Structures are given as structure tokens and as C-alpha cells.
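Architecture at a glance
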Amino acid sequence: MFPALKVLQANLGHGRDAQNLVLQATREEKADVLILSDILRPPENNGRWAFSSCKTVAVVAVGELPIQRVWCSEARGLVAAQIGGVTFISCYALPSLNLSEFERFSEAIELEAFSHPQVVVAGDFNARHVEWGSPKTCDRGEELHGMVEQLGLSVINQASPEQLQDQQQPAQQSSSQQQQSSQQQQQQQRQPSSRQGASSSQRRVRHAGRRWKTSQFSATSFLEVLFAADFVQRATSQEGMIAAMLKACDETMQRVTRLHQDPHRNTFWWSPLLARLRNNCEVARDRMLQTADLEERSIAAAEHRTARAELSRAIRASKRNMFQELIEIAEENAFGAGYRVVMSRLRGSRMPSEPDRDILERIVSDLFPEHPPCDWSQLSNAGNDESYTQVEEAAAVGTDGGLSAAEQSAAVEAEVASR
């Protein structure tokens, strides 16, 4: 079992305002993972973002858990990242792909998903199928549905009435609509088994604190972990019962930590004025979608465009004002907020620490691998004139022969040992 993660998925339509608003929406919804399709551009030097080589899709760690691993595919519009022990695959299939190209795209997703035990696939596939709420099924939908069955995934979303209406009567989506939902998105999740959950212990380091986020508690998941850990047998002693309970809590809930700032605080440029303008934009969009009369619909569409333009101008103005404030602060205090912003841009964004001890041990072992000790006695036992001559010639090569200082020192030591 893995800690409960709140996931938000959106198709941004390559819009700047949509990307700005979706980042604010994740903080308001207190999401842990953000899966994006058709993004404008990813931020530079930000370890919370994992994006494809073509920079069209991304997986963003917006909560307290970091990105543990990233897998990039040669296929365009595909990236996978592991967060909290779960692999999230973000996909975007261009509408211009023909059926054979879409089949190759599906094969790339299958290849990536098969290599991970716990996986969530989400994105904009531009594929219609009645299984996920589309009014009809197309060839791409049949191919995608076959991939879902092949991987043993479960479809966990259904198309909303607004999405179905947009499919029948295409209209330009607003930025607020793009940041809330993706047109024809498909999210699939492979169901974890209790055996797999028991084998991947989510032990926490001590600095994570003693408390858990009880809002993530699920009685069903908690009981499954206890059953997989043989709680009845371990509960015969007080120590065994406590250890089993702690393990079950760690595997089903995240720890409460105060080491970092709240990751769900508002973006630096957000304000009550922007919240009001966003609400006006959403109201105008809903009025446009609910109007059946063509004349009234055109009037509502004009009001919607006006509301979108006002929101876009307000966002840009808010960012300019905040940038000017940073300049004024830097003039008063050289090492204040302006200095921290510049240093974070140079060093990269602040990343949350990895709380899983198993993963930390793997990282340390990869960075500092253990090598068998070198037995220098074999060189000294050789003790022949031939080996001595070879070492002496190697030591005589010097820097002109391309030997480094370390190699020269090793050759001298070997020469002394052989004598």
C-alpha cells in the first residue's frame, strides 16, 4: 500500500494563462501530483518538474513528496515520474497522428507501464470511446481501450456533460476551463495488491515527526496492510503490535512535517482581485455553455472573451508589480527577498527531502558503491624481473605519456613493493 495521493490532471492547450491558473488551482485543491498535457513551457532549473524531451507533457510534484525517479521516452508526448512509490505517466497524443502512429504511441505507453508495479496513466489521448463517456467510439478509442485491457488498468474518469457538449459543438475553451479539466482525458490506475503493498515498506526517517495526516486514513487500506503484515501473530507482544501499527500507518498515510514551507500556499502573484476575475470568467463560460439560442450564445461568448482578457491582463500586471516590489526590496536590503529569488533561480528550486529510508539507502549505494579491496600482494608475489620492468617503464612514462598524478603514485608504490 502507498500513502494516499491527491492528483490533478489538465490539458493546458499551450496557454500561458492556463499554466498560471493550474498552478494556483493545485495549491487551492492541496494536490500532491499535477499531470499536465500540452504545456506552454516548463520552468528552468526546477526539480519538481519532470517533462518530456519535446516539452509538451509534464509530471509535477506539488506537495511534500519529491520526484524519486524520471523515465523519458523516445516517443513524443510521453514522460514517467515516480512520486511516493507510484509511477505517473503523462501522455499527449496529437490530433494529427494517424492510426499507425497512434498505435506506436500506445506501444510506447505499454512498454513504460509494464516495467512498474504501481502506475497511473493520464493525459489527453484525443481518442473517443463509450467506455469513458464519449458519445461514440473511434479507431483511436478502440486502440486505447485495448491498451487499457492489456495493462489491466481501471478507468477512473468519465466525460462531463460540458466535455460532451464541447465535442458536439466545438468552442474555444477558456483558461479557467483548461486548468480545471482536460477535454477527453483518460486516467487509468493499476490496482495494488496487498502482497505488493507489504513488500514495499514506507518507513520514515525520524525527522518526519510522530504524527500522520489523518485526513488520508482509509480503514480498508489500513486493514489490508495489517493483514499482509500478519498482525494477529505479531500482536502477541506489545512491541510487535506497536511495530505493526506504525508500519501500517506509514504505508497508508503521510507524516506531518514542518521542515519546509507550506507547498500549498498561494502563488506569489495571486490576489483577491484575480480570484474575483477568475470567478467572473467561470460564470461567463457556464452561461455560454448553457445557452441554446444562437444569438444569446454569441453574446455570452463575447462576454466570456472579455472576462478572459481582463483576467489575462490582471495576471500580467500582478506579476509586474511583484517584480517591481522585489527590485525596491533589493535596493533597501541586498540580502532580502530579491537575493533569495536570484539564488533560487541559480541553484534551483527548493526540493522536499526524501522520507523513505529504503529509497535513501538505494541513493547512497548508487552514489557510493562498494568495491572489493585490491590485493596488492599479487603484484609483489609476481616479483619477477619482467613485472618489475613493466612497472618501471610505466613509471618512467611520466606526464608526457598521458599518466595522471594518481597513476604515477600508484606505479611508484608498486615499484617499491616489488623491490
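All values derive from a computational prediction rather than experimental measurement.

Side note on helix H1 (residues 16-29)
For H1, built from 14 residues, the straight-helix expectation of 20 Å at 1.5 Å per residue is met to within 8% by its first-to-last C-alpha distance of 20 Å. Along H1, the positions that sit buried rather than exposed are Asp17, Ala18, Gln19, Asn20, Leu21, Val22, Gln24, Ala25 and Thr26. Where H1 terminates, the next one or two residues include lysine 30, which has phi positive at roughly 55 degrees.

Some points on the packing of helix H2 (residues 99-114) against helix H3 (residues 139-151)
Direction vectors running N to C along H2 and H3 enclose 15 degrees, while the axes themselves pass 10 Å from each other. With respect to H3, the axis of H2 lies roughly parallel. As for the relative orientation of H2 and H3, their crossing is right-handed in sense. In this structure, H2 uses Leu99, Phe102, Glu103, Ser106, Ile109, Glu110, Ala113 and Phe114 to contact H3, whose residues at the interface are Asp139, Arg140, Glu143, Leu144, Met147, Gln150 and Leu151. Considering only residue class, the contact of H2 with H3 consists of 8 nonpolar, 2 polar and 5 charged.

Let's talk about a nonpolar patch on the surface
A cluster of nonpolar side chains, contributed by Leu360, Ile363, Val364, Leu367 and Phe368, occupies part of the molecular surface with about 480 Å² of accessible area. Relative to the assigned elements, isoleucine 363 resides in helix H13 (residues 357-367).

Overview of the nonpolar core
The biggest cluster of nonpolar side chains holds 21 residues, and the ones touching the most others in it are Leu78, Ile89, Cys91, Ile109, Val121 and Phe125. Elements represented by at least two residues in this core include exactly strand E6 (78-83), strand E7 (86-92), H2, strand E8 (119-124) and H3. Per-element accounting of this core gives the leading share, 5 residues, to H2. Leaving out residues up to four positions away in the same chain, cysteine 91 has contacts with Ser37, Val57, Gly77, Leu78, Phe105, Ile109, Val121, Ala122, Gly123, Asp124 and Phe125.

Remarks on the sheet that holds strand E2 (residues 33-37)
On the basis of which strands lie adjacent, the open sheet formed by 4 strands has the order E1-E2-E4-E3 and mixed pairing. The strands lining the two open edges of the sheet, one partner per strand, are strand E1 (7-11) and strand E3 (49-51). Taken over all neighbouring pairs, the strand axes of this sheet differ in orientation by 15 degrees on average, direction set aside. Its contacts with the sheet place H1 against E1, E2 and E3, and it is angled at close to 160 degrees to E2.

A look at the packing of aromatic side chains
The final tally for this structure, using the stated rule, is 3 aromatic pairs. Relative to phenylalanine 222, the ring of phenylalanine 217 has its centre 5.5 Å away and its plane inclined at 55 degrees; by these criteria the two rings are tilted. Classification of phenylalanine 217 by relative accessible area gives partly exposed; the value is 43%. Summarising the aromatic geometry, the rings of tryptophan 269 and tryptophan 270 are spaced 5.7 Å apart at their centres and angled 70 degrees between planes, so their arrangement reads as edge-to-face. A residue is classified by how much of its surface remains accessible, and tryptophan 269, at 4% relative accessible area, is buried.

Examining the packing of helix H7 (residues 219-228) against helix H9 (residues 238-252)
Interaxial distance between H7 and H9 falls to 9 Å at its minimum, and their mutual angle equals 135 degrees. Classed by the angle they form, the pair H7 and H9 counts as oblique. The handedness of the crossing between H7 and H9 is right-handed. The segment H7 lies against H9, with Ser221, Phe222, Val225 and Leu226 engaging Ala244, Met245, Ala248, Cys249, Glu251 and Thr252.

Examining the environment of alanine 302
Tracing the backbone shows alanine 302 in helix H11 (residues 294-332). The class of alanine 302 is partly exposed, set by a relative accessible area of 31%. Sequence separation between alanine 302 and alanine 284 is 18 residues; the distance between their C-alpha atoms is 9.2 Å.

Describing the pattern of salt bridges
Charged atoms that come close allow side chains of opposite charge to pair. What the rule picks out here adds up to 4 salt bridges. When the shortest N-O distance is used, the salt bridge between lysine 6 and glutamate 29 registers 3.8 Å. Note that lysine 6 is positioned in the segment before E1 and glutamate 29 in helix H1, a separation of 23 residues in sequence. Judged by relative accessible area, glutamate 29 falls into the partly exposed class, the value being 42%.

Describing the side chain of serine 73
Here serine 73 lies in the loop between strand E5 (67-72) and E6. Separated by 3.1 Å, the side chain of serine 73 and the backbone nitrogen of alanine 75 make a polar contact. Residue contacts for serine 73: discarding those within four places in its chain leaves Ser53, Leu78 and Ala108.

Analysis parameters
Residues numbered from 1 in each chain as written. Predicted model: local features only at pLDDT ≥ 70, side-chain atom pairs only at ≥ 80, totals over all residues. Heavy atoms only, no water. Helix = DSSP H or I, 4+ residues; strand = E, 2+ residues; numbered from the N terminus. Expected span 1.5 Å × (residues − 1). Buried < 20%, exposed > 50% of the residue type's maximum accessible area, 1.4 Å probe, protein only. Axes fitted to C-alpha atoms, helices over the stretch in contact; angles between N-to-C directions. Parallel < 35°, antiparallel > 145°, perpendicular 65-115°, else oblique. Left-handed = near helix turned anticlockwise from the far one by under 90°. Contact = heavy atoms within 4.5 Å. Nonpolar A, V, L, I, M, F, W, Y, C, P; charged D, E, K, R; others polar. Patch = residues over 30% accessible without salt bridge, like charges linked within 9 Å, V, L, I, M, F, W, Y side chains within 5 Å. Areas by Shrake-Rupley, 256 points an atom, 1.4 Å probe, with all protein chains shown as cover. Salt bridge = Lys/Arg side-chain N within 4 Å of Asp/Glu carboxyl O. Core = buried A, V, L, I, M, F, W, Y, C linked by side-chain atoms within 4.5 Å. Pairing = 2+ DSSP bridges. Phe/Tyr/Trp six-rings, centres within 6.5 Å; stacked < 30°, edge-to-face > 60°. Polar contact = N/O pair within 3.5 Å; in protein donor to acceptor, adjacent residues only side chain to side chain.

That is the geometry; function is a separate question.
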